Amino acid sequence: MLHSGMSVDTMIRISRAFMGCEFELVLTGAEKAYLTDAAEEAFELVRRLEEDLSVFIPTSEIAEVNALADQHPVIVSPRVFRLLQKAAELSAETEGAFDITAGALVKLWSSAESVPNQDALDAVRATTGMQFVHLNERNNSVEFTKPGMRIDLGAIGKGFAAAEVVQVLRDARIETALVAAGTSTLYPLGFPPDADAWTVGVRNPLMNNERLTTVKIRDQAFSTSGSHERFVEIDGVRYSHIIDPMTGWPVKGLLLACALVDDPIESDALSTAFFINGLEWTRAYCQARGDVGAIIVTQEQPGDDPVVHRIGTLQDIGGA
Ligand code: ADP
Ligand code: MG
């Protein structure tokens, strides 16, 4: 649209690798240079978040917790403490499917050269459970009550980063943006130029470039969990990077699970929980909570076409 005396809207699309995926920003505004600066500021924030949250960076707050919290309480930053509290709530909410204390299981499977034996799995599984994490609000400290525990924010960190990025963009007075944290979490700000919702495609996990279905997003975050991009292969068999904390085994069953809800931290955690807990649990969960929508993709038999299940009362999950 042309305004007399005003500049034409510009759109930039820019991406950068963080947290093991590509963060992509689509920003709209009056001036390209201003948008590029805002994108750089957003990327700098994600870089700092990764430095705080990554289990792979030995100096991160989380790595320090993992190294020491089974010996004494470890004080973390207020931001990380609040995220851990939120993770504890989401764990309870999902009946323990989403569980950041699955970290030791995640590590075991991701580095396994052969399928771990059941005794080894049971020993590691015994270190899993939010009840063994003591969060002390008085000094923002974290303590583990089981030796060898590990927390892993892989199923919540990208959603958290998306939320923080949108806040930075909002502070920069950008009105229209779409943030994608890899395939994990999409989080928009405002509305696209000529529509009242963002139309987002869900990929067919069996055929990479094919679109299986679409969803409309308005002021909500949309997260996807699956096993087709991230997995480990052991003795020729692919195992999911998502672990069921109840059994200690990588999850099989669904092709994809997606969650639509206003908070990107929650959508990120819920897509993982839906993937673990399956179709019927997800149906019951969304029925009890009218503000959450889900898409579950199943396959009856190998070779069959994927089946899309749209779940929840959200109008947007009804599809385009
Ligand atoms: P993506 O990383 O593609 O967004 P998810 O959001 O589902 O996928 O997160 C999966 C990651 O979370 C795993 O790679 C691992 O680091 C961690 N994880 C695995 N199982 C669980 C679980 N049951 N609860 C919480 N985090 C998990
Ligand atoms: Mg995710």
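Caption draft 1: Representation of the site of ligand 1 within the structure. What surrounds ligand 1 is a group of 18 residues, the closest being Ser 225, Arg 230, His 241, Ile 243 and Thr 272. Ser 225 is positioned such that a nitrogen or oxygen atom in its side chain is 2.6 Å from an oxygen atom of ligand 1. A distance of 2.7 Å separates an oxygen atom of ligand 1 from a polar side-chain atom of Thr 272. Of the residues forming the shell around ligand 1, the biggest block, 3 residues, is contributed by helix H7 (residues 264-288). In terms of residue class, the shell around ligand 1 is built from 8 nonpolar, 5 polar and 5 charged.

Caption draft 2: Broad picture of the coordination of the magnesium ion (ligand 2). With distances of 2.0 to 2.3 Å, the protein atoms coordinating the magnesium ion (ligand 2) are Ser 184 (OG) and Asp 268 (OD). One end of the pair, Ser 184, is in the loop between strand S6 (176-181) and strand S7 (185-189); the other, Asp 268, is in helix H7, with 84 residues separating them in the sequence. As far as the burial class goes, Ser 184 and Asp 268 line up, both buried.

Caption draft 3: Broad picture of the side chain of Thr 127. Secondary-structure assignment places Thr 127 in the loop between helix H5 (118-125) and strand S4 (133-136). A polar contact of 2.7 Å, which involves the side chain of Thr 127, links it to the backbone oxygen of Val 124.

Caption draft 4: The arrangement of the packing of aromatic side chains in detail. Taken as a whole and judged by the stated rule, the model has 7 aromatic pairs. Ring geometry for Phe 274 versus Trp 281: centroids 6.4 Å apart, planes at 55°, classification tilted. Take Phe 274 and Trp 281: they sit in the same class, and that class is buried. For the ring pair Phe 274 and Tyr 285, a centre distance of 5.8 Å and an interplane angle of 65° mean the geometry is edge-to-face. The residues Phe 274 and Tyr 285 share a single accessibility class, namely buried. Members of the aromatic cluster, joined through ring pairs, are Phe 18, Phe 23 and Phe 43. Over the ring of Phe 132 we find Lys 146, and its NZ or CZ is 4.6 Å from the ring centre.

Caption draft 5: A look at the sheet that holds strand S2 (residues 21-29). Within the open sheet, the 8 strands sit side by side as S1-S2-S6-S7-S10-S13-S14-S15. Their pairing is antiparallel. The strands lining the two open edges of the sheet, one partner per strand, are strand S1 (10-18) and strand S15 (307-311). Within this sheet the neighbouring strands show an average axis-to-axis angle of 10°, counted without direction. Where strand S13 (residues 256-261) and strand S14 (residues 293-298) come together, 5 bridges link them in antiparallel fashion. From the neighbouring strand, Leu 260 faces S14, where its bridge partner is Gly 293. Docked against the sheet, helix H1 (residues 32-53) engages S1 and S2, running at close to 20° with respect to S1. Packing against the sheet, H7 makes contact with S7, strand S10 (221-226), S13, S14 and S15, and its axis sits at approximately 115° to S13.

Caption draft 6: Representation of the domain arrangement of the protein chain within the structure. Domain annotation for the protein chain reports domain 1 (1-55 + 154-189), domain 2 (61-144) and domain 3 (197-320). Across the contact, 22 residues belong to domain 2 and 22 residues belong to domain 3. A per-residue breakdown of the area domain 2 buries against domain 3 is headed by Glu 93, Ala 97 and Trp 109, which together make up 28% of the total. One can count 2 salt bridges joining domain 2 with domain 3. On the surface where domain 2 and domain 3 come into contact, there are 8 residue pairs in polar contact (both at pLDDT 80 or more). Put simply, the parts of the chain that give the side of domain 2 that touches domain 3 at least two residues each are helix H3 (78-93), helix H4 (103-110) and H5. Its residues placed into classes, the side of domain 2 that touches domain 3 shows 10 nonpolar, 6 polar and 6 charged.

About the cut-offs
- Residues numbered from 1 in each chain as written.
- Chains lettered and ligands numbered in written order.
- Predicted model: local features only at pLDDT ≥ 70, side-chain atom pairs only at ≥ 80, totals over all residues.
- Heavy atoms only, no water.
- Near = heavy atom within 4 Å.
- Polar contact = N/O pair within 3.5 Å; in protein donor to acceptor, adjacent residues only side chain to side chain.
- Helix = DSSP H or I, 4+ residues; strand = E, 2+ residues; numbered from the N terminus.
- Nonpolar A, V, L, I, M, F, W, Y, C, P; charged D, E, K, R; others polar.
- Donors = N, O, S within 2.8 Å, 3.2 Å for Na, K, Ca; no water.
- Buried < 20%, exposed > 50% of the residue type's maximum accessible area, 1.4 Å probe, protein only.
- Phe/Tyr/Trp six-rings, centres within 6.5 Å; stacked < 30°, edge-to-face > 60°.
- Lys NZ or Arg CZ within 6 Å of the ring centre and 35° of its normal.
- Pairing = 2+ DSSP bridges.
- Axes fitted to C-alpha atoms, helices over the stretch in contact; angles between N-to-C directions.
- Contact = heavy atoms within 4.5 Å.
- Domains from an automatic or database assignment.
- Buried area = accessible area lost by both parts, 1.4 Å probe.
- Salt bridge = Lys/Arg side-chain N within 4 Å of Asp/Glu carboxyl O.

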